[in-house]
Amino acid sequence: GAVVSQHPSRVICKSGTSVKIECRSLDFQATTMFWYRQFPKKSLMLMATSNEGSKATYEQGVEKDKFLINHASLTLSTLTVTSAHPEDSSFYICSAKAPRGYTDTQYFGPGTRLTVL
Amino acid sequence: GNSVTQMEGPVTLSEEAFLTINCTYTATGYPSLFWYVQYPGEGLQLLLKATKADDKGSNKGFEATYRKETTSFHLEKGSVQVSDSAVYFCALAITGGGNKLTFGTGTQLKVEL
């Protein structure tokens, strides 16, 4: 089946530093990837839609300058949390949309736990 | 706007018990409905889905029926196993909405021997 990986699985950083999270589709090409944020005991909140070769589309209330998204290839999207602060601590999850003609299913990565000290 | 409401967990059951996890939704358009499952340490996996009213999605003994009149998509399984212990998320996506998913808060299921 389709597999999506994320790296790192956990990261701890100091306040003011930037952190990059990678999302890869391992056995299929994904023209569209999604980035979510999950707070404890809360639902997944869509942050942005990442399209290969174009600018990401951010959801209302998500700071595009804070959460930089790059989708440089059909198998890789990155999320960079810039100048991280403790309130950015969260669980970040990516998903990749299956190719057109196959299914509308999204395949999810295992998530990245970010802790900002 | 769109929203999904799930029953709060955790739900604790004995093996072979009957499972129901309630899910209701509000949507501005015509939604497809999904159940995703997240096993410990893994990413969300699609469990089942239904794309139109009265459709029944089923997989691995789980099933859910798209009820437009009650705006519900309750998840059921007749006999749960310890291996079903996971977090279950109900979600919707609006047709033509770019595959954007709106999730419920998730319900943790614990199945004990």
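Residues numbered from 1 in each chain as written. Chains lettered and ligands numbered in written order. Predicted model: local features only at pLDDT ≥ 70, side-chain atom pairs only at ≥ 80, totals over all residues. Heavy atoms only, no water.

Student: Teacher, can you tell me more about the side chain of Ser25(A) here?
Tutor: Residue and element names in this part refer to chain A. Mapped onto the elements of the fold, Ser-25 is located in strand 3 (residues 19-25). Looking at Ser-25, its side chain comes within polar contact range of the main-chain oxygen of Phe-28, at 2.7 Å. Discounting chain neighbours no more than four positions away, the residues touching Ser-25 are Val-3, Val-4, Ala-30, Met-33, Leu-74, Thr-75 and Ala-96. (Helix = DSSP H or I, 4+ residues; strand = E, 2+ residues; numbered from the N terminus. Polar contact = N/O pair within 3.5 Å; in protein donor to acceptor, adjacent residues only side chain to side chain. Contact = heavy atoms within 4.5 Å.)

Student: Help me out: how do you make sense of the nonpolar core in this one?
Tutor: Where a protein is soluble and globular, its nonpolar side chains tend to be buried together. All names here are of chain B. Residues Leu-19, Trp-35, Leu-47, Leu-48, Phe-73, Leu-75 and Tyr-88 are the most contacted members of the largest nonpolar core, which totals 27 residues. Within the residue set of this core, elements represented by two or more residues are strand 2 (11-14), strand 3 (19-21), strand 4 (23-26), strand 5 (31-38), strand 6 (44-50), strand 8 (62-65), strand 10 (86-94) and strand 12 (107-112). Sort the elements by how many residues they give to this core and strand 10 lands first, with 5 residues. In this structure, Leu-75 is in contact with Leu-19, Thr-20, Ile-21, Trp-35, Leu-47, Leu-48, Phe-62, Glu-63, Ala-64 and Tyr-88, ignoring residues within four places of it in sequence. (Core = buried A, V, L, I, M, F, W, Y, C linked by side-chain atoms within 4.5 Å. Buried < 20%, exposed > 50% of the residue type's maximum accessible area, 1.4 Å probe, protein only.)

Student: Where do I start with the interface of chain B and chain A in this structure?
Tutor: The extent of an interface is frequently quoted as the accessible surface area lost upon association of the parts. Taken together, the contacts link 16 residues of chain B with 20 residues of chain A. At the junction of chain B with chain A, the criterion picks out 1 salt bridge. Here Lys100(B) ties to Glu59(A) by a salt bridge, and the two come within 2.9 Å at their closest N and O atoms. Taken together, chain B and chain A are joined by 1 residue pair in polar contact (both at pLDDT 80 or more). Secondary structure elements with two or more residues in the side of chain B that touches chain A: strand 5, strand 6 and strand 11 (101-103) of chain B. Here the side of chain B that touches chain A takes 3 residues from strand 6 of chain B, the largest share from any one element. Tallied by class, residues from the side of chain B that touches chain A come to 6 nonpolar, 7 polar and 3 charged. (Salt bridge = Lys/Arg side-chain N within 4 Å of Asp/Glu carboxyl O. Nonpolar A, V, L, I, M, F, W, Y, C, P; charged D, E, K, R; others polar.)

Student: Explain the state of the cysteines to me, please; I cannot follow it from the model alone.
Tutor: In protein structure, a disulfide is the covalent linkage between the sulfur atoms of two cysteines. Scanning the model with the defined rule gives 2 disulfides over all chains in all. Disulfide partner of Cys23(A): Cys94(A), at an S-S distance of 2.0 Å. The disulfide joining Cys23(A) to Cys94(A) has a torsion of about 80 degrees about its S-S bond and is therefore right-handed. Pair noted here: Cys23(A) is in strand 3 and Cys94(A) is in strand 9 (residues 90-97), with a separation of 71 residues, a long-range link. Like Cys94(A), Cys23(A) is buried. Covalently, Cys23(B) is tied to Cys90(B) through a disulfide, its sulfur atoms 1.9 Å apart. What sets the handedness of the Cys23(B) and Cys90(B) disulfide is the S-S torsion sign, and at about -70 degrees it is left-handed. You can see Cys23(B) sitting in strand 4 and its partner Cys90(B) sitting in strand 10, a full 67 residues away along the chain. What makes Cys90(B) buried here is its relative accessible area of 1%. Of all cysteine sulfurs in the structure, the one in Cys94(A) sits closest to Cys13(A), which takes part in no disulfide; the separation is 18 Å. (Disulfide = S-S within 2.5 Å.)

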